[in-house]
Amino acid sequence: MEIRSVDRSQVALLGMTRDELRKLSTALGEKPYRGDQIADWLYAKKAGSIDEMANLPREFRKKMSEQYEAGLKAPVSVAESADGTNKYLYGGPSGGAGGALRGSAAERPRYVEAAFIPEARRATLCLSTQIGCGRGCLFCMTGRQGLHGNLTAGEILNQFAALPERDMVTNVVLMGMGEPLDNVDAVLRSLSILTSDRGFGFGCRRVTVSTVGVLPGLERLLRGSSCRIAISLHSPFDEQRASLMPVQRVCPIAEVVELIRHAGLGKYRRVSFEYIVFRGLNHSRAHVNEIARLLGGIRCRINLIRFHRLPDVPFEAADPADMEEFRSALEAKGIPTTIRLSRGEDVQAACGLLSTKELW
Ligand code: SF4
């Protein structure tokens, strides 16, 4: 794969669906099946330039290159954790590409981070969907950055397509910078290409979208994709959750859970609830009882996450023994519960630590 630098006046092919590539071929005077060949080059054969698409007629490639480019962009740097996690930085000068906010924000660099997390039997890639985030969760570095733009589907998919360890990735989570359902059009398009046979070919069970529970976007996600869903819970009590996550005031967790409850999820479509455990704050017996009441009747699991300290945030991580006790109490209520291992903390790649603010 040869990765060319990008002329931002050209439109990226990466991020286009098979149908769009077929239409593009027809518009440029070729048969629709040429679009299938382009999709094959982009998503299966890792083409970094239109020139590499050797089974397309030379004239067609030349004509296509006048308006389009493959869209693959190598990461600009990597930070390697002692535990094997690699945090990649993608992006660069804005140039006002599609999805950037208007005004001065459009001139800012479009840097985002992605984390590759190898484990014994799987390797997960954590992708970003926005530059920063507008949801302002108290425990999250990305939230402190504020929102500075949505990524296009091509920019989301490029974090996988140009990843050096691409062939090792078994699972993809949209859990990096940004709230995916605040960029739902690009996210649905990305999921469609990630899971299509004419795209990257991941099974829906290997792709998870993580959200704080943005209701309109969640409805569209439930209708438009079969990928797995992870909901950030962090407290079952309204006021406490609102103090941690402002989204609670506009999208109450009770309404999110009701939507999930009545969504008619199939046998294989798993929903998980993510729960950061803060010392002395959200792991009491009352929390266990209220979580059990809230989630009663839903096939789900809870993932407990250790809090990673942030400057000026008055929380501490819970002790491992307290996390284990909380896990056991939830299991005793019939909720499968796992304590997630923390990965990549030494390179700020762990949950809640991604940020590119210092690059502006
Ligand atoms: S936790 Fe997610 S939704 Fe909340 S501020 Fe961070 S990136 Fe945004």
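For the structure, check the block above.
Here goes a summary of the coordinates provided.

**A few points about the site of the ligand**
So, step 1. Around the ligand, the surrounding shell consists of Cys133, Arg135, Gly136, Cys137, Cys140, Gly143, Gly178 and Val212.
So, step 2. In terms of residue class, the shell around the ligand is made up of four nonpolar, three polar and one charged.

**Points about the pairing of strand E4 (residues 86-90)**
Along a regular strand, successive side chains alternate from one face of the sheet to the other.
So, step 1. Summarising burial for E4: five of the five residues are buried, a large majority.
So, step 2. The side-chain alternation of E4 yields two buried faces, one formed by Asn86, Tyr88 and Tyr90 and the other by Lys87 and Leu89.
So, step 3. Relative to E4, strand E3 (residues 77-80) is paired through four bridges, and the arrangement is antiparallel. Bridging across to E4, glutamate 80 finds its partner in asparagine 86.
So, step 4. Taken together, the five bridges between E4 and strand E5 (residues 112-118) define a ladder with antiparallel strand orientation.

**What about empty space enclosed by the protein?**
So, step 1. This structure, assessed with the given rule, holds two cavities of 30 Å³ or more.
So, step 2. Approximately 40 Å³ is the volume found for the largest cavity.
So, step 3. The wall of the largest cavity is formed by Phe139, Ile276, Ile305, Arg306, Phe307, His308, Leu310, Cys351, Gly352 and Leu353.

**Observations concerning the packing of aromatic side chains**
So, step 1. Following the criterion strictly, the structure yields eight aromatic pairs and no others.
So, step 2. Ring centres of phenylalanine 160 and phenylalanine 202 lie 5.3 Å apart, and the angle between their planes is 75 degrees; this geometry places the pair in the edge-to-face category. Placement of phenylalanine 160 in helix H6 (residues 153-161) and of phenylalanine 202 in the loop between helix H7 (184-195) and strand E10 (207-211) is noted, with a sequence separation of 42 residues between them.
So, step 3. Residue classification places phenylalanine 160 among the buried positions, given a relative accessible area of 5%.
So, step 4. With a centroid separation of 5.0 Å and 55 degrees between ring planes, the pair formed by phenylalanine 278 and phenylalanine 307 is classed as tilted. Residue phenylalanine 278 is found in the loop between strand E12 (271-277) and helix H11 (285-295), and its partner phenylalanine 307 is found in the loop between strand E13 (300-306) and helix H12 (320-332); the two are separated by 29 residues along the sequence.
So, step 5. Looking at phenylalanine 278, the relative accessible area reads 0%, which means it is buried.
So, step 6. On the basis of relative accessible area, phenylalanine 307 is assigned to the buried category, the value being 2%.
So, step 7. Looking at lysine 45, its charged tip hangs above the ring of tryptophan 41, at a distance of 4.2 Å from the centre.

**Regarding the environment of arginine 58**
So, step 1. For arginine 58, the position within the fold is in helix H3 (residues 58-67).
So, step 2. Linking arginine 58 and arginine 301, residues 243 residues apart in sequence, is a C-alpha distance of 53 Å.

**Let's talk about the nonpolar core**
It is characteristic of soluble globular proteins that their nonpolar side chains tend to be buried jointly.
So, step 1. Of all hydrophobic cores here, the largest spans 102 residues; its most connected members are Leu13, Met53, Met64 and Phe200.
So, step 2. Counting residues per element, this core draws most heavily on H7, which supplies seven residues.
So, step 3. Beyond its immediate sequence surroundings of up to four residues, methionine 64 is in contact with Leu13, Leu24, Leu28, Ile38, Ile50, Met53 and Leu56.
So, step 4. Membership of the second largest hydrophobic core comes to six residues, among which are Ile117, Cys126, Val347 and Ala349.

**Regarding H11**
So, step 1. Along H11, the positions that sit buried rather than exposed are His287, Val288, Glu290, Ile291, Ala292, Leu294 and Leu295.
So, step 2. Next to the buried residues of H11 lie helix H9 (238-244), helix H10 (253-261), E12, E13 and H12.
So, step 3. The backbone nitrogen of alanine 286 has a side-chain oxygen 3.3 Å away, supplied by the residue at the start of H11, namely serine 284.
So, step 4. Following H11 by one or two positions, glycine 297 adopts a phi angle in the positive range, close to 85 degrees.

**Focus on the packing of H11 against H12**
The description of two helices packed together rests on the angle between their axes and the distance between the axes.
So, step 1. Where H11 contacts H12, the axes come no closer than 10 Å and their chain directions differ by 35 degrees. In this structure, H11 crosses over H12, and the sense of that crossing is right-handed. In this structure, H11 uses Arg285, His287, Val288 and Ile291 to contact H12, whose residues at the interface are Phe326, Ala329 and Leu330.
So, step 2. The residue makeup of the contact of H11 with H12, split by class, is five nonpolar, one polar and one charged.

So, how was this worked out
Throughout, a residue's number is its position along its own chain's written sequence, starting from 1. In view of the model being predicted, local features appear only for residues whose pLDDT reaches at least 70, and side-chain atom pairs are presented and counted only at 80 or more, with totals across whole chains, interfaces and linings using the full set of residues. Where side-chain values are given, they derive from all heavy atoms of the structure, hydrogens and water being excluded. The cutoff for a nearby residue is simple: one of its non-hydrogen atoms must lie within 4 Å of the molecule or strand. Polar here means any residue other than Ala, Val, Leu, Ile, Met, Phe, Trp, Tyr, Cys and Pro, which are nonpolar, and Asp, Glu, Lys and Arg, which are charged; Gly is therefore polar. Classification of residues uses two cut-offs on accessible area relative to the type maximum, computed with a 1.4 Å probe and protein chains only: under 20% is buried, over 50% is exposed, and between them is partly exposed. Helix numbers and strand numbers start at the N terminus; a helix is a DSSP run of H or I with at least 4 residues, a strand a run of E with at least 2. Here, any two strands with at least 2 DSSP bridges between them count as paired. Every definition here rests on a 1 Å grid over the protein atoms only: cavities are sets of points where a 1.4 Å probe fits but cannot get out, pockets are open sets enclosed by protein on both sides within 12 Å along at least five of seven lines, and lining residues have some atom within 4 Å of a point. Grid points are joined across faces, edges and corners, and a volume is the space filled by probe spheres set on the points. Put simply, two rings from Phe, Tyr or Trp (the six-membered ring, in Trp's case) pair if the centres are within 6.5 Å, and we call them stacked under 30 degrees between planes, edge-to-face over 60, tilted for the rest. Our definition puts a charge over a ring when NZ of Lys or CZ of Arg is within 6 Å of the ring centre and also within 35 degrees of the ring normal. To form a nonpolar core, buried Ala, Val, Leu, Ile, Met, Phe, Trp, Tyr and Cys residues must be joined to one another through side-chain atoms within 4.5 Å. Contacts between residues were defined by any pair of non-hydrogen atoms, one from each residue, lying within 4.5 Å. The definition of a polar contact used here is a pair of N or O atoms within 3.5 Å, where within protein one atom must be able to donate a hydrogen and the other to accept one, and adjacent residues in sequence count solely through side-chain atom pairs. Axis definition: a line fitted to C-alpha atoms, limited for helices to the stretch in contact. Angles are taken between N-to-C directions and run from 0 to 180 degrees. The hand of a helix crossing depends on one turn: near helix anticlockwise from the far one by less than a right angle means left-handed, and clockwise means right-handed.

Note that every value here comes from positions in space, so none of it alone points to a role or purpose.
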